[in-house]
Amino acid sequence: MKVVTLRCANCGAPLSVKHRVRFVTCNFCDSQLEIHRENSATYSAATEKVPEARTVKLEKSVERLQLTNELERLDQAWMISQELYMVSGKDGSRSVPSYFDGLLMMFVACGVIVAAVAIGRNAPFFRPIMYGWGFGAVIFIIKAIHTLVLANRYSAAHADYEQQRYDILARLGSTRQSNSRDSGARG
Ligand SMILES: [Zn+2]
């Protein structure tokens, strides 16, 4: 086979290039070179071709960027939906609905009903007031059930958010792992 000897366009080291070979790597400076054959002249020039390893690296960093953006979007979406689930306190503060609050309200309402029945039985004079207490307690129970339903919806949504976040973080982790594997294989 015909071999042409020419010089590296980057460092000037001698290169032995086989016939029809278009791309070579200089043994001295690692330059990626393209062999040009024009009429009688044959010479090397730095290639525009991106080495494969660098392409893979670029793809990985694009993927990481996309995943990071996805994570940011997920967090923002959660901030917004979290606001929708929140309940207003008496002082106007917003808080996440909790099972504890719902159960506490339920407990207080039941206590009020028990007290109202006991007082109404023993003191007929107070009965009309006790009806008022009972009515208030029933309203409070409805509120308690509403809080429990909201707490349930909130915890389901929160679990869903956490799962999605976990998945993205796992994918981010795997892009880092395979990246270090790549460089390990090269070295
Ligand atoms: Zn060279």
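Residues numbered from 1 in each chain as written. Predicted model: local features only at pLDDT ≥ 70, side-chain atom pairs only at ≥ 80, totals over all residues.

Undergrad: Can you help me understand the confidence of the model for the protein in this one?
TA: Low pLDDT means the predicted coordinates in that region are not meant to be read closely. Across the protein, pLDDT averages 86, with 90% of residues at or above 70. Looking across the protein, the model is least confident in strand β6 (residues 87–88), with a mean pLDDT of 80, and most confident in helix α2 (residues 99–122), with 94. Confidence drops under pLDDT 50 across residues 182–187; counting only partners more than four residues distant or on other chains, this segment forms 3 contacts. (pLDDT = per-residue confidence, 0-100. Helix = DSSP H or I, 4+ residues; strand = E, 2+ residues; numbered from the N terminus. Contact = placed C-beta atoms within 7 Å.)

Undergrad: Before we go on, may I ask you to explain the environment of Ile 129 in this structure?
TA: Within the secondary structure layout, Ile 129 lies in helix α3 (residues 127–186). Among the residues examined, Ile 129 registers 13 C-beta atoms within 10 Å and is labelled partly exposed. (Buried ≥ 20, exposed ≤ 12 C-beta atoms within 10 Å, placed from the backbone.)

Undergrad: It is not clear to me how unusual backbone geometry should be interpreted in this structure. Could you clarify?
TA: Glycine aside, negative phi is the norm for most residues, and most peptide bonds take the trans geometry. A positive phi angle, near 75°, is found at Arg 20, a position not held by glycine. Tracing the backbone shows Arg 20 in the loop between β2 (14–18) and β3 (23–25). Residue Asp 30 is not a glycine yet carries a positive backbone phi of 65°. Mapped onto the elements, Asp 30 comes out in the loop between β3 and β4 (32–38).

Undergrad: Help me out: how do you make sense of the environment of Phe 140 in this one?
TA: As for its position among the elements, Phe 140 is in helix α3. Once the C-alpha coordinates of Phe 140 and Ile 129 are considered, the two residues, 11 residues apart in sequence, prove to be 17 Å apart.

Undergrad: Is there a simple way to explain the pairing of β2 in this structure?
TA: Residues in a regular strand point their side chains to alternate faces of the sheet. Bridging between strand β1 (residues 3–7) and β2 involves 5 bridges; their strand directions are antiparallel. When the sheet's bridge partners are listed, Arg 7 is paired in β2 with Pro 14. Linking β1 to β2, which pair antiparallel, is a turn of 6 residues; within it Gly 12 sits at a positive phi near 85°. (Pairing = 2+ DSSP bridges.)

Undergrad: How should I be thinking about the nonpolar core in this particular structure?
TA: Most often, soluble globular proteins keep nonpolar side chains buried together rather than apart. With 5 residues, the main nonpolar core is built from Ala 109, Ala 116, Met 130, Ala 137 and Ala 144. Counting only elements with at least two residues in this core, the list comes to α2 and α3. It is α3 that provides the largest number of residues to this core, a total of 3 residues. (Core = buried A, V, L, I, M, F, W, Y, C linked by C-beta atoms within 7 Å.)

Undergrad: Would you mind showing me how to read the pairing of strand β5 (residues 41–46) here?
TA: Looking at chain direction, β4 and β5 are connected through 6 bridges and run antiparallel. Opposite Glu 34, over in β5, you have Ala 45 as the bridge partner. In this antiparallel pair of consecutive strands, β4 and β5, the connection spans 2 residues, and Asn 39 shows a positive phi of 50°.

Undergrad: It is not clear to me how the sheet that holds β3 should be interpreted in this structure. Could you clarify?
TA: Sheets are built from strands paired through backbone hydrogen bonds, the pairs being either parallel or antiparallel. Spatial ordering of the open sheet is given by β3-β4-β5, a layout of 3 strands whose pairing is antiparallel. Either end of the sheet is taken by a strand with one partner, and the two such strands are β3 and β5. On average, each strand axis in the sheet is inclined to that of its neighbour by 35°, with strand direction left out of account. Pairing geometry for β3 and β4, over 3 bridges, is antiparallel. Residue pairing in the sheet places Thr 25 in a bridge with Gln 32 of β4. (Axes fitted to C-alpha atoms, helices over the stretch in contact; angles between N-to-C directions.)

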